[in-house]
Amino acid sequence: MASAEDAQHLSTRHLLGIKYLNEADIRLIFDTAREFKEVINRPIKKVPSLRDITIANLFFESSTRTRISFELAEKRLSADVVNFSASSSSVSKGETLLDTVNNILSMKVDMVVMRHPAPGAHHFLARHIQANIVNAGDGTHEHPTQALLDAFSMQEVLGDLRGKHIAIFGDILHSRVALSNIFCLQKLGAKVKVCGPPTLIPKYIPSLGVEVSYDLQDTLRWCDVANVLRIQLERQEELRYFPSLREYARFFGIRKDLLDQLEKPILIMHPGPINRGVELTSDVADSDHSIILQQVENGVAIRMAVLYLLSALRPPSSSG
Amino acid sequence: MASAEDAQHLSTRHLLGIKYLNEADIRLIFDTAREFKEVINRPIKKVPSLRDITIANLFFESSTRTRISFELAEKRLSADVVNFSASSSSVSKGETLLDTVNNILSMKVDMVVMRHPAPGAHHFLARHIQANIVNAGDGTHEHPTQALLDAFSMQEVLGDLRGKHIAIFGDILHSRVALSNIFCLQKLGAKVKVCGPPTLIPKYIPSLGVEVSYDLQDTLRWCDVANVLRIQLERQEELRYFPSLREYARFFGIRKDLLDQLEKPILIMHPGPINRGVELTSDVADSDHSIILQQVENGVAIRMAVLYLLSALRPPSSSG
Amino acid sequence: MASAEDAQHLSTRHLLGIKYLNEADIRLIFDTAREFKEVINRPIKKVPSLRDITIANLFFESSTRTRISFELAEKRLSADVVNFSASSSSVSKGETLLDTVNNILSMKVDMVVMRHPAPGAHHFLARHIQANIVNAGDGTHEHPTQALLDAFSMQEVLGDLRGKHIAIFGDILHSRVALSNIFCLQKLGAKVKVCGPPTLIPKYIPSLGVEVSYDLQDTLRWCDVANVLRIQLERQEELRYFPSLREYARFFGIRKDLLDQLEKPILIMHPGPINRGVELTSDVADSDHSIILQQVENGVAIRMAVLYLLSALRPPSSSG
């Protein structure tokens, strides 16, 4: 691992969204993640890189896999970690976000990994506090580390993504993943299409230069990669975005027989948790073309890379 | 502490239940636990043995003492630890157990300590995943580390358990401890009897070669050790297994005057948490014959031993 | 940092309350905290002082900032940490406090940091267990580390507190901070006044040698420091201690124009979380005279000092 002195630097000291990264930033993160992926596949998975860093994980919305992935990334970099979740917090006592975060920073915390339901929350903090901020999801807006690990995983298999066809299937409307994916893939030169029922595709998608399709088979024929998003069953119960799960699975669920009809293999991806039998069938999820578990593995490496690169851009007051 | 190379090996790479251990396995665990008990009684209670290991504690049912005991065992072996509890999990989002666990393993986790309400859950995982699995309780079926620490604690006081009389008192039906205790004690050559009200003793007990008694004083006279199980007050409120707590205490509660009437001292054990005045009185719980707190201390040593011995049987892909 | 051998000692092996500390104890804690404050402002914020110590944080009432502050203090001293919160505990199963704590101590825990709603809980434990006990709040009685960090923060700005005028504003009745503050400031020679609506000031306050005022402006003119307590909105909803928040803010809220009318600057303090616009306005909370965030920073240093000094007074059985 190159020392912080030798390393190239990111163009930003926060990871607020893919929107604010340039292509060189993304490629630097990928190069660094590749090195960390080697580390976590060694018997001794730990490096002392962030030994002198304290990271606060602030989850104002619940999360399992993203929180555990960040926590493992932090521990494998030897950082000290404090966890904070909104349920057990002063937030319910009417404290402002800035007061909560400033309090935690006053305890000499260097970096903040935050999931917050409000899209503006991370920008607001970045204007007011010293620590590096990593967006771990802001409502249905951006979830940049997920997009980075998705693109990194595609690139591992397909090589450079320039000109590649990537389709995002399913619930684009409620996804915290879709927008970051679109930004990231476009910056890497890929062509992006979204496909799902009209009720689950926001009106602004075409304005991003992304094609919209309502035809599953057509889109499968077009794409090199199918990134299949989760149908959020809990939302469907309240507001019916489609007639039934069965009908959704029939028209938009990806089945083995559909893949077998294609002339070429396509990669199957899913950010998890999977609803087996809804957005894809079990034989698709577990097939050779699925890289769903590689995505998870790469998530730890990508998060190690992001934290490591941002730590080189700490404000002077905190770095010495 | 012997290095992993010199160590004897367990006959199994998972601890799914006492049922799957042979006597040599149990004795190897005890020998190793004896060494770790010395470690945790030194001023510096930590060894670097599992420095390169990541352990996930997956608790799909709540637990205080078992979870803390495992966590301390893991930290004193210098393992990296991630905790997962069902309440904050993707489980509620309809994800399958295998998907949840595979996700966590893809983050390069070497061992899984799991409590799960379904008895088959650990076996199912063992067939499908690479990591070593430790059963930390599967409903009312097995809780092997509790049985190991119980037998280890008895043996510390009584020496070899061959031919010793061990009685298990109280709520056998809902206990996650009874079955593992029976298997473990029988493998070590002890004779086992259970004693409680008929409503709390499952019908299959005699088929295990275990005597059943409904007479407290008779059983106390017979036994060298009284392992007293907790009355689960919360279950009694729903379905009345006995007329009242007061009546339970009168017929099955262990009191000092009953012990004083015996011709020999007997050991008093309890897996906790105790209902003082129900299954035993305070003067019994706190008497010289009680080894309840030694059980807790031994729990950490036993769990260190189990994790250490299983870690020597990691799959090659994960150990290098 | 002086080694434990050279260090002066506290006169007590528990921190149950400021009531049980003498002035020399408080000054020793401050001297030690000053050294630890340097440590946490260095790039490498960690010392190995408590490398061989296991600390259990037992929170029987919820807490965010105090828990995180203790946890960071413990980690920066390199202690091993186990966390326990009542919600996920055996407490709900009817176990006694002593059984719960004895169980945890049997796992070879050296120190217990406990928040508990009952004022007598910490004393009770101190009589029955071996480990050092730190009171992290006992209902509305004492919260000694908060009082220490408050006085330490005042002294950093004002120098010796002898003869200084310290006013405590607001909800004295429900505060877990007021009593410890009064004891600590009096032991350091300061004069203390409390000011708030009569319904929120307990009758026994004058018997402590503390003046009571119901006049905000008068008290502001008198004091060098205004320690402003939080109005506990959740209590106000149940039992109306004052007509409305708006009326409270009008008569007892500290506003910038009130401070501007004073002839001298006064320090503004608050234990958090702040209700901006209720007990003080935002421009006051964020003004140059506010040392609210310094309090938080000093909290980690004070807690490191307390844990470090108590660890030198461990019982022989645990220290070797």
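Predicted model only: the values in this text are computed from it and were never measured.

Draft legend 1. How the structure looks around the domain arrangement of chain A. All names here are of chain A. When the domains of chain A are assigned, the result is domain 1 (4–143 + 298–311) and domain 2 (144–296). In this structure, domain 1 and domain 2 have C-alpha centres spaced 26 Å apart. Taken together, the contacts link 34 residues of domain 1 with 30 residues of domain 2. Carbon and sulfur atoms make up 58% of the area that domain 1 and domain 2 hide from each other, which totals about 2700 Å². On the domain 1 side of the interface with domain 2, the three residues burying the most area are Phe30, His143 and Asn298, jointly 26% of the side's total. Counting across the interface, domain 1 meets domain 2 through four salt bridges. Lysine 37 is the partner of glutamate 156 in a salt bridge, and the nearest nitrogen-oxygen pair spans 2.7 Å.

Draft legend 2. Examining helix H5 (residues 144–158) of chain C more closely. Residue and element names in this part refer to chain C. Taking 1.5 Å as the rise per residue, H5 with 15 residues should run 21 Å; its terminal C-alpha atoms sit 21 Å apart, in good agreement. Extensive coverage of H5 is indicated by the burial of twelve of its 15 residues. When H5 is considered as a whole, its buried residues turn out to be Pro144, Thr145, Gln146, Ala147, Leu148, Leu149, Asp150, Ala151, Phe152, Ser153, Met154 and Gln155. Downstream of H5 by a residue or two, glycine 159 has a phi angle that is positive, lying close to 75°.

Draft legend 3. Representation of the sheet that holds strand S7 (residues 211–213) of chain C. All names here are of chain C. Taken together, five strands build an open sheet; the order of strands is S7-S6-S5-S8-S9 and the sheet is parallel. Of all the strands in the sheet, the pair left with one neighbour each is S7 and strand S9 (267–269). Looking at each pair of strands side by side, their axes are set apart by 25° on average, direction ignored. Alignment of strand S5 (residues 165–169) against strand S8 (residues 225–228), held across four bridges, turns out to be parallel. Note on S8: the bridge partner recorded for phenylalanine 169 is valine 228.

Draft legend 4. Here's a closer look at the packing of helix H1 (residues 23–40) of chain C against H5(C). Residue and element names in this part refer to chain C. Running from N to C, H1 and H5 cross one another at 70°; their axes reach a closest spacing of 11 Å. What the angle tells us is that H1 and H5 run roughly perpendicular. In contact with Ile26, Arg27, Ile29, Phe30, Ala33, Arg34 and Lys37 of H1, H5 contributes Leu148, Ala151, Phe152, Gln155 and Glu156. Here the contact of H1 with H5 is built from residues that sort into seven nonpolar, one polar and four charged.

Draft legend 5. How the structure looks around the interface of chain A and chain C. At the interface, 26 residues of chain A touch 24 residues of chain C. Note on chain A versus chain C: buried area summed over both sides is about 2300 Å², and carbon and sulfur give 53% of it. A salt bridge links Lys46(C) to Asp80(A), with the nearest nitrogen and oxygen atoms 3.0 Å apart. Viewed at the interface, chain C and chain A are joined by ten residue pairs in polar contact (both at pLDDT 80 or more). Counting only elements with at least two residues in the side of chain A that touches chain C, the list comes to strand S2 (80–85), helix H3 (97–106) and helix H13 (316–319) of chain A. No other element matches the five residues that S2(A) contributes to the side of chain A that touches chain C. Taken together, the residues of the side of chain A that touches chain C sort by class into five nonpolar, 13 polar and eight charged.

Draft legend 6. Looking closely at the relation of the copies chain B and chain A. Taken as rigid bodies, chain B and chain A are interconverted by a rotation of 120° and an axial shift of 0.0 Å, the fit giving an RMSD of 0.0 Å. In the structure described here, the two chain copies are related by an operation that fits a three-fold rotation axis.

Draft legend 7. Broad picture of the interface of chain B and chain A. On the chain A side, the residues contacting the 25 residues of chain B number 24 residues. For the chain B and chain A pair, buried surface summed over both sides reaches about 2300 Å², with 52% attributable to carbon and sulfur atoms. Taken together, chain B and chain A are joined by four salt bridges. For the salt bridge of Asp110(B) with Lys45(A), the shortest nitrogen-to-oxygen distance reads 2.9 Å. Within the residue set of the side of chain B that touches chain A, elements represented by two or more residues are strand S2 (80–85) and helix H3 (97–106) of chain B. In terms of residue class, the side of chain B that touches chain A is made up of five nonpolar, twelve polar and eight charged.

Draft legend 8. Geometry of helix H9 (residues 245–252) of chain B. All names here are of chain B. Taken residue by residue, H9 has Tyr248, Ala249 and Phe252 as its buried positions. When H9 is viewed along its axis, its buried side chains cluster within an angular range of 100° and face the same direction. Within H9, the exposed residues directed more than 90 degrees away from the buried face are Arg246 and Arg250.

Draft legend 9. Molecular detail of unusual backbone geometry. Residues and elements named next belong to chain A. Glycine 272 connects to proline 273 through a cis peptide bond whose omega is -15°. Position of proline 273 relative to the elements: it lies in the loop between strand S9 (267–269) and helix H11 (282–285). Here the phi dihedral of lysine 108 falls at roughly 70°; this positive angle occurs in a residue that is not glycine. For lysine 108, the location among the structural elements is in the loop between H3 and strand S3 (111–116).

Draft legend 10. Quick peek at the sheet that holds strand S7 (residues 211–213) of chain B. Residue and element names in this part refer to chain B. A sheet is described by the order of its strands in space; here five strands give the open sequence S7-S6-S5-S8-S9, paired in parallel fashion. This sheet does not close on itself; its edge strands, each paired only once, are S7 and strand S9 (267–269). Between one strand and the next, the sheet's axes are offset by a mean angle of 25°, whatever the strand orientation. Contacts from helix H5 (residues 144–158) reach strand S5 (165–169), strand S8 (225–228) and S9 within the one sheet, and its direction differs from that of S9 by about 160°.

Parameters at a glance
- Residues numbered from 1 in each chain as written.
- Chains lettered and ligands numbered in written order.
- Predicted model: local features only at pLDDT ≥ 70, side-chain atom pairs only at ≥ 80, totals over all residues.
- Heavy atoms only, no water.
- Domains from an automatic or database assignment.
- Contact = heavy atoms within 4.5 Å.
- Buried area = accessible area lost by both parts, 1.4 Å probe.
- Salt bridge = Lys/Arg side-chain N within 4 Å of Asp/Glu carboxyl O.
- Helix = DSSP H or I, 4+ residues; strand = E, 2+ residues; numbered from the N terminus.
- Expected span 1.5 Å × (residues − 1).
- Buried < 20%, exposed > 50% of the residue type's maximum accessible area, 1.4 Å probe, protein only.
- Pairing = 2+ DSSP bridges.
- Axes fitted to C-alpha atoms, helices over the stretch in contact; angles between N-to-C directions.
- Parallel < 35°, antiparallel > 145°, perpendicular 65-115°, else oblique.
- Nonpolar A, V, L, I, M, F, W, Y, C, P; charged D, E, K, R; others polar.
- Polar contact = N/O pair within 3.5 Å; in protein donor to acceptor, adjacent residues only side chain to side chain.
- Least-squares fit on C-alpha atoms with pLDDT ≥ 70 in both.
- Arc of directions from axis to C-beta.

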